[in-house]
Amino acid sequence: MLKALIVGASGYAGAQLAHYLHKHPHIEIAGLTVSEKSQDAGKLISDFDLHPQLKGLVDLPLLATSDYSSIINDIDIVFLATEHSVSHDIAPYFLEQGCVVFDLSGAFRVNSASFYTDYYGFSHQHQEWLDKAVYGLAEWNDTQIKQAQLVAVPGCYPTASQLPLKPLLAEGLLDTSQWPVINAVSGVSGAGRKASLKNHFCEVSLHAYGLFTHRHQPEIATHLGQEVIFTPHLGSFKQGIHATITCRVKDDVTANDILAALNKYYAHKPLVRVYQHDWPALKSVVGLPFCDIGFVLKGNHLILISVEDNLLKGAAAQAVQCMNIRFGFDETLSLL
Ligand SMILES: NC(=O)C1=CN([C@@H]2O[C@H](COP(=O)(O)OP(=O)(O)OC[C@H]3O[C@@H](n4cnc5c(N)ncnc54)[C@H](OP(=O)(O)O)[C@@H]3O)[C@@H](O)[C@H]2O)C=CC1
Ligand SMILES: CC(=O)N[C@@H](CCC(=O)OP(=O)(O)O)C(=O)O
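Computed from a prediction, not measured in an experiment: that's the story for all the values here. (Residues numbered from 1 in each chain as written. Chains lettered and ligands numbered in written order. Predicted model: local features only at pLDDT ≥ 70, side-chain atom pairs only at ≥ 80, totals over all residues. Heavy atoms only, no water.)

## Description of the overall build of the chain
Alright, step 1. For the chain, the count of helices and strands is 9 helices and 14 strands.
Alright, step 2. With respect to the principal axes defined by its C-alpha atoms, the chain has extents near 65 × 45 × 40 Å.
Alright, step 3. Across the 336 residues in the chain, those meeting the buried criterion constitute 54%.
Alright, step 4. A fraction of 69% describes how many contacts in the chain between residues 6 or more apart in sequence connect residues 24 or more apart.
Alright, step 5. A total of about 14500 Å² of accessible surface is found on the chain, and carbon and sulfur atoms cover 52% of it.
Alright, step 6. Across the chain, the centroid of the 23 positively charged side chains sits 4 Å from that of the 32 negatively charged ones. (Helix = DSSP H or I, 4+ residues; strand = E, 2+ residues; numbered from the N terminus. Buried < 20%, exposed > 50% of the residue type's maximum accessible area, 1.4 Å probe, protein only. Contact = heavy atoms within 4.5 Å. Areas by Shrake-Rupley, 256 points an atom, 1.4 Å probe, with all protein chains shown as cover. Lys, Arg positive; Asp, Glu negative; His and termini not counted. Charge placed at Lys NZ, Arg CZ, Asp CG, Glu CD.)

## Examining the pairing of strand 2 (residues 27-34)
Alright, step 1. Buried residues dominate strand 2, accounting for 6 of its 8 residues.
Alright, step 2. In the sheet, strand 1 (residues 2-7) pairs with strand 2 via 6 bridges, with the strands oriented parallel. Bridge pairing in strand 2 links Leu2 to Ile27.
Alright, step 3. Handedness of the crossover joining strand 1 and strand 2 through helix 1 (residues 12-23): right-handed.
Alright, step 4. The pairing of strand 2 with strand 3 (residues 63-64) spans 2 bridges and is parallel. Paired with Thr33 across the two strands is Leu63, which belongs to strand 3. (Pairing = 2+ DSSP bridges. Right-handed = clockwise from strand over helix to strand, strands pointing away.)

## So, the packing of helix 6 (residues 156-170) against helix 8 (residues 255-266)
Alright, step 1. Contact pair helix 6 / helix 8: the axes reach a minimum separation of 9 Å and the direction vectors enclose 105°. Accordingly, the angle class assigned to the pair helix 6 and helix 8 is roughly perpendicular. Contacts between helix 6 and helix 8 involve Leu163, Pro164, Pro167, Leu168 and Ala170 from the former and Ile258, Ala261, Leu262, Tyr265 and Tyr266 from the latter.
Alright, step 2. A breakdown of the residues in the contact of helix 6 with helix 8 according to their chemical character gives 10 nonpolar, no polar and no charged. (Axes fitted to C-alpha atoms, helices over the stretch in contact; angles between N-to-C directions. Parallel < 35°, antiparallel > 145°, perpendicular 65-115°, else oblique. Nonpolar A, V, L, I, M, F, W, Y, C, P; charged D, E, K, R; others polar.)

## Brief notes about the nonpolar core
Alright, step 1. Residues Leu17, Leu21, Phe79 and Phe102 are the most contacted members of the largest nonpolar core, which totals 48 residues.
Alright, step 2. Elements represented by at least two residues in this core include exactly strand 1, helix 1, strand 2, strand 4 (77-80), strand 5 (100-103), strand 14 (301-308) and helix 9 (312-326).
Alright, step 3. If you tally residues by element for this core, the top one is helix 9, at 9 residues.
Alright, step 4. Each of domain 1 (2-132) and domain 2 (156-311) accounts for three or more of the residues forming this core. (Core = buried A, V, L, I, M, F, W, Y, C linked by side-chain atoms within 4.5 Å. Domains from an automatic or database assignment.)

## Regarding unusual backbone geometry
Alright, step 1. A positive phi is found at Asp252, a non-glycine position, where the angle reads about 70°.
Alright, step 2. Looking at the element boundaries, Asp252 is found in the loop between strand 11 (241-248) and helix 8.
Alright, step 3. For Asp252, a relative accessible area of 74% corresponds to the exposed category.
Alright, step 4. Positive phi outside glycine occurs at Ser334, with the angle close to 75°.
Alright, step 5. Mapped onto the secondary structure, Ser334 falls in the segment after helix 9.

Honestly, it's all geometry; don't read function into it.
Next up, the structure:
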């Protein structure tokens, strides 16, 4: 058995990780931690006011600490389900102890120091780990993930945005003189569990945010190798991301060409489902680890629809998928 630690376990992504790892036949959860001053210190993760869906499954306490030296012994794997600056600060410690780290934050996703000052508000201090980090877009980077000590699991919007576009770019089907336009709507859990006015039930309706400034635009453009226009929206539902991506294809590209490209890359990838007719809705994927993709072509104009659960394929499920790839397990073990 491999021993895994989840840091930030009481959060939305952390709780999903705990559920998957509990079901995993080769993983033992060795610890669940939260910040030193957490108001949830000592509570069970399955407490009624935390994640009661885990009751009877993962009844483990949350350890509040910033000193991991007493628990690091024989930990093989660390999941960081913490905010970007926290992951940035603590990942090197675990890496230096020889652990394999899966970071769900954005702290190691883009190998550019200025990206962090421009979009994350901190100056990156760990260029050596930025150089070594592998971007965990699982369907595309499995060869590198198998060798990685640090996997930077992609953001939720970047996963939903890149998976439909990458095959079309790889096959040269897009007319990239028109940048793909990605309009994506996320449920409120995308903002994390901490209460704030902006994710207060009565305040959320449907609105765009981060116009031309959201940090996921450069993350998508970097890993796609293609500029995009990305506009996120917040919707009044809990879980899921629905991305509508409008792009232009080259002359003479047919719907069969689009379908063939998507099938070429995903027919044997169990967590990406391609629709031959019609297109998916959020209800196809909420609570499940899939990204579902559909499309419609009219002339040179292509609309792609991509849906996922932001907390699953957009975070925890993709992290566990990467772990499975890294350790040679079946890609979907504990996920399906
Ligand atoms: N939510 C989503 O849809 C997605 C999230 N992500 C990323 O995953 C990460 C986690 O997100 P999410 O679960 O939504 O966040 P939450 O806000 O729900 O949870 C954050 C967790 O981190 C803990 N925490 C805060 N400060 C520290 C610290 N200094 N040391 C250890 N633990 C700490 C919190 O507990 P406490 O404050 O009590 O200590 C809590 O358990 C983030 O980086 C996010 O950007 C990525 C993709 C999608
Ligand atoms: C609705 C909402 O607020 N969503 C978050 C994105 C969450 C996510 O994917 O994650 P990373 O922060 O790890 O990149 C946002 O727009 O900031």
